[in-house]
Amino acid sequence: MKSPLDPRQLSGPQLSDPDFSRRSWEGTQGVHAQFVDLDGPAIQLGFSFDGDSRRAAGHNLPTRGTAVSRGMVNKLVTGVEPNTEYRVELQIRGTGLMWGIFDAEHRLHYRGLAAGGPRAERYKGQQTPGNGTEWETVTATITTGPRTTELNAFCIMAENTGPGYCRRMDVTRVGPAAHPARAPETWSAPPPAPNGFPVTIPAVRRFEAAGGRWAPADGVAQVTVDPACRDALGDVAGLVAAQLAEAGLARAAVVRFGTAVPDGVHLTLGAVDTAGADRVQAHEAYSLRVAGDGVHVVAGGPAGALYAGATLVQALKGAGALPQGTVTDWTDQQWRGLQVDSGRRFYSLAWLRDHIRDLAYTKLNTLFLRVKDSEGLRIESDVLPGVVDNSPGGGHWSKAEVRELVEFALRHHVSVIPEFDVPGHSEMDTLVYPEFMFPGGEGEAAGWDYSRADVRRLLADVLRETGETFDSAFVHVGGDEFFGQDHPSALSWIRATTGDPSATSVDAYLQLFNELAAAIRADGRGTIMWNDMINGRNRAVSLDKEILIAYWAQIYESLSAEELIAEGHQLIGSSSDLYHDLWPPLNPDDKPNMTINQPLPEYQWETYLNPYVYSRGWSEPARLPAAAESGSHGQLFPIWDDAHGWAPEQLLTRTLLPRLRVHAQSAWNSPPPAATFAEFDEHLRFLGHAPFFGTARVPEQGSRVRPPAG
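Every value quoted in this text rests on a predicted model; they were computed, and no experiment measured them.

1. Comments concerning helix H7 (residues 453-470)
Here is step 1: Spanning 18 residues, H7 covers 26 Å between terminal C-alpha atoms, matching the ideal 26 Å at 1.5 Å per step.
Here is step 2: Listing the buried residues of H7 in full gives Val455, Arg456, Leu458, Leu459, Ala460, Val462, Leu463, Glu465, Thr466, Gly467, Thr469 and Phe470.
Here is step 3: Packed against the buried residues of H7 are strand E19 (366-373), helix H5 (399-411), strand E21 (415-422), strand E22 (474-478), helix H8 (488-498) and helix H9 (505-521).
Here is step 4: Following H7 by one or two positions, Asp471 has its phi on the positive side, about 45°.

2. Quick notes on the pattern of salt bridges
Here is step 1: Counted according to the given criterion, the structure contains 36 salt bridges.
Here is step 2: Among the salt bridges present, the one from Asp170 reaches Arg168, with a minimum N-O distance of 2.5 Å.
Here is step 3: Each of Glu105, Arg147, Glu150, Arg654, Asp681, Glu682 and Arg685 takes part in one network of salt bridges that share partners.

3. Here's the deal with the nonpolar core
Here is step 1: Within the largest apolar cluster, 155 residues are counted, with the highest numbers of intra-cluster contacts made by Leu369, Trp448 and Phe513.
Here is step 2: Sort the elements by how many residues they give to this core and H9 lands first, with 10 residues.
Here is step 3: Those residues in contact with Leu369, other than ones at most four positions away along the chain, are Val340, Ser342, Leu352, Trp397, Leu405, Val416, Ile417, Pro418, Glu419 and Phe470.
Here is step 4: In this structure, Leu45, Val80, Tyr86 and Ile142 belong to the second largest nonpolar core, which totals 27 residues.

4. Concerning the sheet that holds strand E5 (residues 84-93)
Here is step 1: Pairing within the open sheet is antiparallel, and its 5 strands lie in the order E2-E3-E10-E5-E8. Only two strands of the sheet have a single partner each, and these edge strands are strand E2 (33-37) and strand E8 (136-143). For this sheet the average axis-to-axis angle between neighbouring strands, irrespective of direction, equals 35°.
Here is step 2: In this structure, E5 lies alongside E8, joined through 8 bridges in antiparallel fashion. Bridge assignment links Glu85 to a residue of E8, and that residue is Thr143.

5. Structural notes on unusual backbone geometry
Here is step 1: Of the consecutive residues Ile201 and Pro202, the connecting peptide bond is found in the cis state with omega at 0°.
Here is step 2: In this structure, Pro202 sits in the loop between strand E10 (164-176) and strand E11 (206-214).
Here is step 3: Val422 connects to Pro423 through a cis peptide bond whose omega is -5°.
Here is step 4: Tracing the sequence through the fold places Pro423 in the loop between E21 and helix H6 (427-432).
Here is step 5: Notably, Asp17 is not glycine yet its phi reads approximately 50°, a positive angle.
Here is step 6: Within the element layout of this structure, Asp17 appears in the loop between helix H1 (7-11) and strand E1 (28-31).
Here is step 7: Even without being a glycine, Met533 presents a positive backbone phi close to 60°.
Here is step 8: Tracing the sequence through the fold places Met533 in the loop between strand E23 (526-530) and strand E24 (548-551).

6. Let's talk about the sheet that holds strand E9 (residues 151-157)
Here is step 1: Strand order in this open sheet of 5 strands is E1-E4-E9-E6-E7, and the pairing throughout is antiparallel. Each end of this open sheet is capped by a strand with a single partner; those strands are E1 and strand E7 (111-117). Within this sheet the neighbouring strands show an average axis-to-axis angle of 20°, counted without direction.
Here is step 2: Sheet topology places strand E6 (residues 97-107) next to E7; 6 bridges connect them, and they run antiparallel. Note on E7: the bridge partner recorded for Trp99 is Gly117.

7. What about helix H3 (residues 302-319)?
Here is step 1: Over its 18 residues, H3 runs 26 Å from end to end, which matches the ideal 26 Å to within 8%, given 1.5 Å per residue.
Here is step 2: Here H3 lies mainly inside the structure; 16 of its 18 residues are buried.

8. Things to note about the side chain of Lys75
Here is step 1: Among the secondary structure elements, Lys75 is positioned in strand E4 (residues 71-77).
Here is step 2: The charged side chain of Lys75 is buried without a salt bridge, its nearest counter-charge being Asp17 at 5.0 Å.
Here is step 3: In terms of polar contacts, Lys75 uses its side chain to reach the backbone carbonyl oxygen of Ser16, at 2.7 Å.
Here is step 4: Reaching out from Lys75, the side chain makes a polar contact with the side chain of Thr28 at a distance of 2.7 Å.
Here is step 5: Ignoring any residue separated from it by four or fewer positions in sequence, one finds Lys75 in contact with Leu15, Ser16, Asp17, Pro18, Phe20, Gly27, Thr28, Leu151, Asn152, Ala153 and Met169.

9. Looking at the state of the cysteines
Here is step 1: Throughout the structure, instances matching the rule amount to 0 disulfides.
Here is step 2: There is no disulfide at Cys155, and the cysteine sulfur nearest it, in Cys166, is 4.8 Å away.

10. Remarks on the pairing of E21
Here is step 1: Taking burial as the measure, the 8 residues of E21 include 8 buried ones, the bulk of the element.
Here is step 2: For E19 and E21, the ladder comprises 6 bridges, and the chain directions are parallel. Within E21, the residue paired with Leu367 across the bridge is Val416.
Here is step 3: One ladder, built from 2 bridges, connects E21 with E22; its direction is parallel. Following the sheet pairing, Glu419 is matched in E22 by His476.

11. So, the packing of aromatic side chains
Here is step 1: Inspection of the entire model under this criterion finds 27 aromatic pairs.
Here is step 2: Measuring from centroid to centroid gives 5.8 Å for Phe346 and Trp397, while their planes differ by 40°, and the two rings are tilted. Of this pair, Phe346 sits in the loop between strand E18 (335-340) and helix H4 (349-361) while Trp397 sits in the loop between strand E20 (376-377) and H5, placing them 51 residues apart in sequence.
Here is step 3: Taken together, a centroid distance of 6.2 Å and an interplanar angle of 20° make the contact between Phe436 and Trp448 stacked. Here Phe436 is found in the loop between H6 and H7, whereas its partner Trp448 is found in the loop between H6 and H7, with 12 residues between them in sequence.
Here is step 4: By relative accessible area, Trp448 is classed as buried at 0%.
Here is step 5: Through successive ring pairs, a cluster of aromatic residues spans Phe438, Tyr450, Phe482, Trp493, Tyr509 and Phe513.
Here is step 6: The ring of Tyr347 carries the charged tip of Arg345 above its face, separated from the ring centre by 4.4 Å.
Here is step 7: We note Lys363 situated over the ring of Trp668; from NZ or CZ to the ring centre the distance is 6.0 Å.

Here is what the cut-offs are and how they apply
- Residues numbered from 1 in each chain as written.
- Predicted model: local features only at pLDDT ≥ 70, side-chain atom pairs only at ≥ 80, totals over all residues.
- Heavy atoms only, no water.
- Helix = DSSP H or I, 4+ residues; strand = E, 2+ residues; numbered from the N terminus.
- Expected span 1.5 Å × (residues − 1).
- Buried < 20%, exposed > 50% of the residue type's maximum accessible area, 1.4 Å probe, protein only.
- Contact = heavy atoms within 4.5 Å.
- Salt bridge = Lys/Arg side-chain N within 4 Å of Asp/Glu carboxyl O.
- Core = buried A, V, L, I, M, F, W, Y, C linked by side-chain atoms within 4.5 Å.
- Pairing = 2+ DSSP bridges.
- Axes fitted to C-alpha atoms, helices over the stretch in contact; angles between N-to-C directions.
- Lys, Arg positive; Asp, Glu negative; His and termini not counted.
- Polar contact = N/O pair within 3.5 Å; in protein donor to acceptor, adjacent residues only side chain to side chain.
- Disulfide = S-S within 2.5 Å.
- Phe/Tyr/Trp six-rings, centres within 6.5 Å; stacked < 30°, edge-to-face > 60°.
- Lys NZ or Arg CZ within 6 Å of the ring centre and 35° of its normal.

Don't take any of this as a statement about function, it's just geometry.
Structure (structure tokens):
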């Protein structure tokens, strides 16, 4: 029962600057949105163009007629109550607009819903009321879910017919829900895992209880480091100590080098006994012995020591006092990560740093960043400066900013791997550099003319530059969804190159990536590519087996994951079944893979809780047979933004949390701590985000040793 003095009931729903009169971005996020005066203050969504120009004023990319010219504005609504009806009112002007209000927790568990308009699959050709030249007032109502505390009011230029405008967003409380739903009771303290140790995410592999309990003494948490491990563990110890203090588990934390002290946490390196386990990532393994005099950690490497700290922070947060005994923890999965589609939209460095913290908190070790797509390039480039997005509302990161991000990630033992997609996903490349494209290629068949030696050298140069910018162990070169393979130029080139008149367009495609991989290898880096079109129809060229295959679906004539492994390829998964697609769900009957609800966490828990499960495209996913597991090296959780960047970072943080937590449990491949997602959900809510998440503070230091990603 809520108190009548609940501040949410007193204040009602709150939006910052609802009429845009303050021209403030506080509590507001825009993509390709700007303040304008149009019968008063307003937000312009999308771009306006003079005459037949392809470039909007102040923009460097030829965005007219492309997805880049769309836009979004979104306001966070706070002071919201569960099981309550709210009304949103917006004043809008233009055609091709979507508008409404979104509840990320409309139904258990994490199935969101938006109320508003227009309602249509993919929203093609839809228009707002009237002729688009006058201001219209539009309204909708939504009933919040049983756990809802925030809403998001939005207006989106969904078509590239812009611009569109919004000049006011109001949200008012209508009254209690007619049919309120019940939420689970909030825990004061969570129950332990079946093995008796407090639940952590991911769960620990093994716990052997010794009887008795231990709790840190009030005041200062002391982290001591074996002096022989000073260089390897000194920075990790500082990070662990800072996280203990930030999580409220100690008023202060001190790092010392020497022997263990009473009630302290002692770190050292050594062999971890994982007898009976296969394919152990030894540098990430650790043992954590809880005794009456404190906590004693032996780690296989600095990453293992950091993960022991994450286990300690989560366990103390959940239990306060820990059962004495020994945790032995390890993983058999080399790649465990998050894939972010930064090619189609710009992500702030603050958002990326937060999720690097979160990856380390849950023992995930890789961040994939797709830095180039049809919307432009997100990183500074000296090789292809023409496709770098300098446009207002777009954006890119400088090389210096990338270096700082990579350094931050390495302190948290997270590898950042860039993806620069070639030869397809090149709509913007085609517009900026038409002289380097296949003659006559348009739309999805537009792409770099790799039959030309100068073009292959240019692509190799930009991929090598990308690897150098990120100082990454691998470069992802794309290779997906290119439908211009059968161009006559490609066929002529590969037949002349191989001297084989039966060589196919698939041979030409594989030859391109073999040459790119060789150029990248010359810099000491590995190559990753998607599995598209790797189908065994080649006659003269075999794909370099050192290229790591990122497998997303058995689609576009690809072989299955099992078949590729049988051919000698090494795989990591990035399943299309798990795409967190950022499409707004304006209809409760929309297919899950068309909305930000994808994947439903219950489905993820029931289907993908094992890292050896791979997508089969339009068919049900399948687990690899045991004989093929040696060719599978981990899984990525994929965020895609095929729409136009409508989801604000704040909302994406909320929708990503439960899905990334299930992924962390699956990728670590330890016994799950709960029988159902509903039970697991309560744990992930209780444990929350990593220490320092959502803050600008960066006091922690971590090891700068590059994690061995390959």
